[in-house]
Every structure is written in C-alpha cells, then in structure tokens.
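# Understanding the architecture of this molecule
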Amino acid sequence: MHLHILGICGTFMGSLALLARELGHTVSGSDANVYPPMSTQLEEAGIALSEGYSAGNLAPRPDRVVIGNALSRGNPEVEAVLNEGLPYVSGPQWLAEEVLPGRRVIAVAGTHGKTTTASLLAWLLESAGLAPGFLIGGVPRNFGISARLGAHDAPFVVEADEYDTAFFDKRSKFVHYRPEIAILGNLEFDHADIFDDLAAIERQFHHLVRTVPGRGRLLVADAEPALDRVLEMGAWTPVVRFGDAIDSPWRLALEREDASRFRVIHECHGEQSEVNEDAVVDWALTGAHNARNALAALAAASACGVDLPRAAAALSRFATPRRRQELRGEVAGIEVIDDFAHHPTAIAATLQGLRAATPRGRLLAVIEPRSNTMRLGTLRDRLAASVGAADAAYWFQPPGLDWSLTPLLEASPVPARLLDDLDALVAALVAEARPLDRIVVMSNGGFGGIHDKLLAALEVAHADGTS
C-alpha cells in the first residue's frame, strides 16, 4: 500500500512513517518545514520527502493519506485530498488501527517530560531483553530512531500527547491508544491555541483514564493537584503513585544536589503482596525533573516484569534523546547544549538541573519563544522568572511573535538581552562566552540552525585568538 503523509517531518508523523515503512508500505510525504533530526532519519530510511504542500505531491495517487494535526482546511494539499475523494485518516487513528492491536500498550502522558520518560522506559525494556516497540516524539540516542515495531509480543511504548488529533477529529491524540498502563507525569496549562483553560485539559486527561482497563495500571505522580482532580472524576483502574511523598509506593531520594545520583525506594504493602526494595541510580542526566521521569519509567518497567536492580543499572547507560539537554559540541571549553524546553516550567527545570551540574562556569540561557502557546503570550508573565538559575539570558524575538519580549528584560532576575537577528545573537554569545561556560539553547523549533552557527563562530573566534 502507498501511504502519503501530510506533515511528515513532525516528530509524531515522521515516526509513523518509519513504522509504516517497517510494515512494508511504500511511504511518501510532504511538509512545509524540513529540518533535522526528523528529516535526516526519514531520508536515511529511503522515504521520499516533498517540501511544501501542493496537489502535485499526490501523484502518483496514494492508496491512503495520513493527515497530521498541523494541517487545516485551506491547505492546498488537504483541499486536493478532499476534492479528489482520496481515503484519509489521522495519524493517531492509523497507529491505533495498524500497529497497536494485540500489543501491551504503555502510554506516557503529561505536560512535560514525555519524550524523556518514554525514551527511558523503552531503554529499560530493551535492556531487559524485551525488544519493545515504541513511538517517541524525539530521537532516543540509545536507539537512533524515533519509532520501531519491536517484537510482536513485546510492550509498545507510545508518547501520549494531549494535543488534538486532526482538523476533522478534535479529540486529544491519546484517546486513540487504549493503553494497559498509563503514566501521568504532570499536568498544567499549555496549548493555549486549542484549550481555554486547565480544566479543559483535565477533562481530556480523564478521557484517557476512562480508556485504561481495570486489569491495567495508572502510574500517577504525587504532588500534582491537577492530576488529583482528574482522578476525582473517576478511576476504574488501580492507581500507583510515584514521587517524593512518604506514602507513595515509588519514591526517590536525591544523593547529589544535581540529581545525577539518587536512590529509588519501592514499597508496597497490600493484601496480595509485600514489596520492599531499593536501588541506586548513578547516571549522566541532571535535574530533579529527570530523576522523577526515571522513577516513572522504573515503575512502568517493573509492571512489565523488569526487576529494579537490573533496571537501575541500565540507567547508567542511558543517553538523553536528541534535543533534550543534548551536548551539540564544545569549543575552547565552551559547551553548546540543545534543549526542547519551551514552557516556563520546563525552562526553569532544565536550567536548575544544569545549574547544579555547573559548579565552576556560567550558564548562559538562549531562548526562542516559538510554541503556539508562547506566540499567544498566554504564559509570558512567567517567562522572566523561569531563567533565575542562569547567569544571563538571551531572548530571541522570532518573526511572527505578536507581542514584544522587551518587558522580560525589566523583570529579569538575571542580566538579559533581547535580539531579533540570528547573526547578531550568535555574535553576542561568542563575545560573551568564555571557557567553562555552558550555552543552553532552548526552542521547540530549528531556531535557524543556531547550534551549528554558534559552534562554527566559536571555532573561528578562538582559532584567531579574538576571544
């Protein structure tokens, strides 16, 4: 079958393309924005990409079109699909119909940390020899690809996004997956372009809860009031808590301030079984948020039969997914780090973790507010405070942002600059950075290839001795 995918370079749709190719389908696709890492892995898989949308991309006529949620009525390729009467389906529905039936699905949901947690869980299952399938909204470096089918009788890990499904299906993506195990890691307001308020997102999360069978499991973070409200709407599945609370069956205790070493404690005292075990994790990641992500993944892996000591040991070999605190390069002792953080909570968590792991050099935060929520300015009042753990902040005003970032400079708890020219931003960073500094670039887009431009400029500056 020939599948044509609209929006193929999105992390979800590109992952679908890999699964479809693995199933033996002929796959093509189109997108307006083609950039790594998704474009790279699609090209390596031999999948034909068309840049831009047009009716011509539908020749030869595909058997079925899979339409991503970024596509709307008025898009020329969408209009051609409808006018020509081509069979079409949403990405989540295609996944639910073609890949997930008969699989033990584990859905990883939450406002933050989904990609890292799903990558952690897939790695723990892989290390235990289970050969899981997965679809992750990023590229886990332990695997080098964002999706695979895995063994037919193995668990399937899916990053479960609450964003809507398609222009013709406004339900959240995750209601299609019908998981046996669902991780609910956190919940706060986001996606202001489709949700009016936090209560609207809570209702969608409860729709996910409704789909988990009674024989399954809900792994729910403690100290998350919004998740508590979700469960108060009704839960028909055993709930297992994880986090820091003393009464949570899965909890952690940090043994280093930067969370690069922590103890996992698992205690369960019930009518059916008594469990009392612990293990120490010593790994390359930092930040208490990542330790909690790991705790959720350990709890889910345990539910699949992976013993805690083995899983904890496997975390020492875990590599962060692409664009999650990813070291892109180092020049003259200056590190350039790429991170996907684009929400005030995520920005703060990333910087706090890196701050604790940067005892000598400075932390320079570079932020492009690019997401739909940021473009609407919904959370702008929280942005200035989010960089408090950095030594300096560089804000980039991207084209199309309808509000000015200038007030962030006045409210900033650290020295801050605002630039709207990428070359000028790179030049400012090169002039400021010195050995032992870490430059953390945060955006949910390609940011104009700033990472490579910055590394190249640092090479030139330090080769000439001008810095």
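On a predicted model such as this, the values are computed, not experimentally measured, just so you know. (Residues numbered from 1 in each chain as written. Predicted model: local features only at pLDDT ≥ 70, side-chain atom pairs only at ≥ 80, totals over all residues. Heavy atoms only, no water.)

### Remarks on helix 10 (residues 344-356)
Defined as follows: Secondary structure elements are taken from DSSP: a helix is a run of H or I of four residues or more, a strand is a run of E of two residues or more, and numbering for both begins at the N terminus. To estimate the expected span of a helix, count its residues, drop one, and scale the result by 1.5 Å. Only protein chains enter the accessibility calculation, which uses a 1.4 Å probe; a residue whose area is less than 20% of its type maximum is buried, one above 50% is exposed, and one in between is partly exposed.
Here helix 10 contains 13 residues, and its C-alpha end-to-end distance of 18 Å stays within 8% of the 18 Å for a straight helix at 1.5 Å per residue. Of all the residues in helix 10, the buried ones are P344, A346, I347, A348, A349, T350, L351, G353 and L354.

### Description of the sheet that holds strand 20 (residues 363-367)
Heads up, the condition is: Note: two strands are recorded as paired if DSSP finds a minimum of 2 bridges between them. For helices, the fitted axis covers only the stretch in contact; all axes are lines through C-alpha atoms, and the angles between them, taken along N-to-C directions, range from 0 to 180 degrees. Only heavy atoms matter for contacts: two residues are in contact if any of them lie within 4.5 Å across the pair.
Overall, mixed pairing links the six strands, which are arranged 18-19-23-20-21-22 in an open sheet. At either margin of the open sheet sits one strand with a lone partner, and together these are strand 18 (326-331) and strand 22 (416-419). Across the sheet, the mean angle separating the axes of adjacent strands is 20° when strand polarity is ignored. Where strand 20 and strand 21 (residues 392-396) come together, four bridges link them in parallel fashion. Of the residues in strand 21, the one forming a bridge with V366 is Y394. Contacts from helix 10 reach strand 19 (334-339), strand 20 and strand 23 (438-442) within the one sheet, and its direction differs from that of strand 23 by about 165°.

### Quick look at helix 5 (residues 114-127)
Its 14 residues place the ends of helix 5 20 Å apart at the C-alpha level, agreeing with the 20 Å of an ideal helix rising 1.5 Å per residue. In the stretch just after helix 5, G129 is the one whose phi turns positive, near 85°.

### Description of the sheet that holds strand 1 (residues 2-6)
Here we have five strands laid out as an open sheet, ordered 3-2-1-4-5, and parallel in their pairing. The open sheet has two edge strands with one neighbour each: strand 3 (48-51) and strand 5 (88-90). Taken pair by pair, the neighbouring strands of this sheet meet at an average axis angle of 25°, ignoring direction. Taken together, the four bridges between strand 2 (residues 26-31) and strand 3 define a ladder with parallel strand orientation. Following the sheet pairing, G29 is matched in strand 3 by L49. The strands touched by helix 3 (residues 76-83) within the sheet are strand 1, strand 2, strand 4 (64-67) and strand 5, with strand 1 carrying the most contacts at an inclination of about 140°. Sitting on the sheet, helix 4 (residues 91-98) is in contact with strand 1, strand 4 and strand 5, with an inclination near 90° to strand 5.

### Notes on the packing of helix 5 against helix 8 (residues 288-303)
Quick reminder of the rule: By the definition adopted for this analysis, an angle is roughly parallel if under 35 degrees, roughly antiparallel if over 145, roughly perpendicular if from 65 to 115, and oblique otherwise. The sense of a crossing depends on the near helix, which, turned anticlockwise from the far helix by less than a right angle, makes the crossing left-handed and, turned clockwise, makes it right-handed. Residue classes follow a fixed rule: Ala, Val, Leu, Ile, Met, Phe, Trp, Tyr, Cys and Pro count as nonpolar, while Asp, Glu, Lys and Arg count as charged, and any other residue, Gly among them, counts as polar.
Remark: helix 5 packs on helix 8, axes separated minimally by 8 Å, with the N-to-C direction vectors making an angle of 40°. The angle between helix 5 and helix 8 places the two elements in the oblique class. Relative to helix 8, the crossing made by helix 5 is right-handed. Contact residues: helix 5 offers T116, T117, L120, L121, L124 and L125, while helix 8 offers N290, N293, A294, A296, A297, L298, A300 and A301. Among the residues making up the contact of helix 5 with helix 8, the classes are represented as 10 nonpolar, four polar and no charged.

### Focus on the pattern of salt bridges
Let me state the cut-off plainly: Put simply, a salt bridge is a Lys or Arg side-chain nitrogen that is within 4 Å of an Asp or Glu carboxyl oxygen.
Considering all chains together, one arrives at 25 salt bridges under this definition. One salt bridge connects R215 with E180, and the closest N-O pair in it is separated by 2.9 Å. With R215 in the loop between helix 6 (198-211) and strand 13 (217-221) and E180 in the loop between strand 11 (169-172) and strand 12 (181-184), this pair connects stretches of sequence that are 35 residues apart. Salt bridges sharing common partners tie together E255, R256, R261, R263, D278 and D282.

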